[in-house]
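Working through the structure, step by step
Residues per chain are reported as follows:
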Amino acid sequence: MAERVLITGMGMITAIGETVTANLHSLTHQHSGLGFTRFIDTIYKEVLPVAEVKYSNEELARMAGVPGQPGYTRTSLLGLIAIQEALQQAGIRDMQQEPTGFINASTVGGMCDTEKVYFDIIDPEKEGDFLRYIDTLDCADCTQRIADRTGINGFVTTISTACSSSANALMYGARLIKQGLARRVICGGTEALTSFTINGFNSLKNIDKQACRPFDHNRNGLNLGEGAAYLVLESESLVKQHGSRVLAELSGYCNSNEAFHPTAPSPEGDGAYTAMKEALAMSGRSIDQVQYVNVHGTATWPNDLSEGRALERLFGSEVPPFSSTKPFTGHALAAAGAIEAIYSVLAIQHRLIFPNLNFAEKMEELSIVPETRLLEEQAVTTVISNSFGFGGNNASLVISKYEG
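Below is a summary of the structure that appears in this document. Here the structure is a predicted model, which means the values were calculated and not measured.

1. Topic: the overall build of the protein
The helix and strand inventory of the protein stands at 13 helices and 12 strands. In terms of C-alpha radius of gyration, the protein reaches 20 Å, essentially the compact-globule figure of 22 Å for 404 residues. Referenced to the eigenvectors of the C-alpha coordinate spread, the extents of the protein come out at roughly 65 × 55 × 40 Å. Relative to its 404 residues, the protein shows a buried fraction of 58%. Counting every atom, the protein has about 16000 Å² of accessible surface; 49% of that belongs to carbon and sulfur. Charged side chains of the protein number 31 positive and 45 negative; the gap between the two group centres comes to 4 Å.

This is the structure in structure tokens:
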């Protein structure tokens, strides 16, 4: 019989807080992390709002315990801070006691640093050791640095599937556990804001100059964000052996790749529908057992319409409360899936349904609207968390209250 996959530790840093507890405080007090960048040199500095972590690289290095040490990009530092909290919560002090895997997700890797010296690198007249930055560009560089620093001694790899990256990292880790190839895997992602991503999304006309409005009739694009989040996944047998505290169960998951268009989902939500439906089937839960859906909810015109139609196809006239938390954190791309998986666990732990900020007017194509209030004292035992990426790479996680 396949092992159950249990969550025993969580750690994160986002624009609304440098710990899981700080994030929960901002969510419950409805404090958004959106503002203008302090750390990126861009012509859009005072034009396009972003959800930026409020610390400089020097401050992050001190928080991560590596002050003055070269080679750690902003992406690596964010990841190192988040994973250290996850390990602490899981009570992992000696990594050598149990072979531990690490599945990390990122789409920018060290681009946050290398883009600053791009013109120096390509200028043959420019002198200086600029090529040393090249080694940090690869997404796997931050993965290996985090693994080395924390002493992770098992299988280590990197996933980069756009906005579904860290949700897919969690699936990969869960599959390793279910197949008996590992008993403990740390999964998640880390992402730093870059001029490249700001320019790229802006060229697609996907960025709103105001705070994003997911599922609103007048939505006009996303706001980019940054951050990192990791979850410690353990097999049920390992949990029982060590007497570990269980936060929740990753009971189901599915990735569907519809390949409809390079940057747009199918209008009828085919991929999103399949991912949610199959993830629920794996979990053994029925649609009437889902109390909350943390939607992908980017506030772009095609994405929200596609996801909304998928929700209506799956749940019919009884769509459960749903909301996008991206107006709090911005869209953190590769880190979004893990960030929102932690929010799903928090919804179960604290009996909460988080509000969809900035919503004003119902979409005329849908019969449903997101939850706009913070709902407390809710019997939340099963949550679907959606993360959908470019190319139609759709990932849905089912996170459930653990019944041992």
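2. Focus on the packing of helix 10 (residues 270-283) against helix 11 (residues 301-315)
At a closest axis distance of 8 Å, the pairing of helix 10 and helix 11 adopts a crossing angle of 40°. The orientation of helix 10 with respect to helix 11, classified from their angle, is oblique. Crossing geometry of helix 10 relative to helix 11 is assigned as right-handed. Here Asp-270, Ala-272, Tyr-273, Met-276, Lys-277 and Leu-280 of helix 10 come into contact with helix 11, specifically with Ala-310, Leu-311, Arg-313 and Leu-314. Broken down by class, the residue content of the contact of helix 10 with helix 11 amounts to seven nonpolar, no polar and three charged.

3. Let's talk about a nonpolar patch on the surface
Residues Tyr-118, Phe-119 and Ile-122 make up a contiguous nonpolar surface patch of about 360 Å² in total accessible area. Following the sequence through the fold, Tyr-118 ends up in helix 5 (residues 118-122). Judged by its relative accessible area of 45%, Tyr-118 falls in the partly exposed class.

4. Description of unusual backbone geometry
Glycine aside, residues mostly have negative phi, and peptide bonds are mostly found in the trans state. A positive phi angle, near 60°, is found at Ala-162, a position not held by glycine. For Ala-162, the location among the structural elements is in the loop between strand 5 (156-159) and helix 7 (165-178). One non-glycine residue, Arg-351, adopts positive backbone phi at about 55°. Tracing the backbone shows Arg-351 in the loop between helix 13 (336-350) and strand 11 (382-389). Residue classification places Arg-351 among the partly exposed residues on the basis of a relative accessible area of 37%.

Cut-offs and rules
Residues numbered from 1 in each chain as written. Predicted model: local features only at pLDDT ≥ 70, side-chain atom pairs only at ≥ 80, totals over all residues. Heavy atoms only, no water. Helix = DSSP H or I, 4+ residues; strand = E, 2+ residues; numbered from the N terminus. Rg over C-alpha atoms; globule rule 2.2 N^0.38 Å. Buried < 20%, exposed > 50% of the residue type's maximum accessible area, 1.4 Å probe, protein only. Areas by Shrake-Rupley, 256 points an atom, 1.4 Å probe, with all protein chains shown as cover. Lys, Arg positive; Asp, Glu negative; His and termini not counted. Charge placed at Lys NZ, Arg CZ, Asp CG, Glu CD. Axes fitted to C-alpha atoms, helices over the stretch in contact; angles between N-to-C directions. Parallel < 35°, antiparallel > 145°, perpendicular 65-115°, else oblique. Left-handed = near helix turned anticlockwise from the far one by under 90°. Contact = heavy atoms within 4.5 Å. Nonpolar A, V, L, I, M, F, W, Y, C, P; charged D, E, K, R; others polar. Patch = residues over 30% accessible without salt bridge, like charges linked within 9 Å, V, L, I, M, F, W, Y side chains within 5 Å. Salt bridge = Lys/Arg side-chain N within 4 Å of Asp/Glu carboxyl O.

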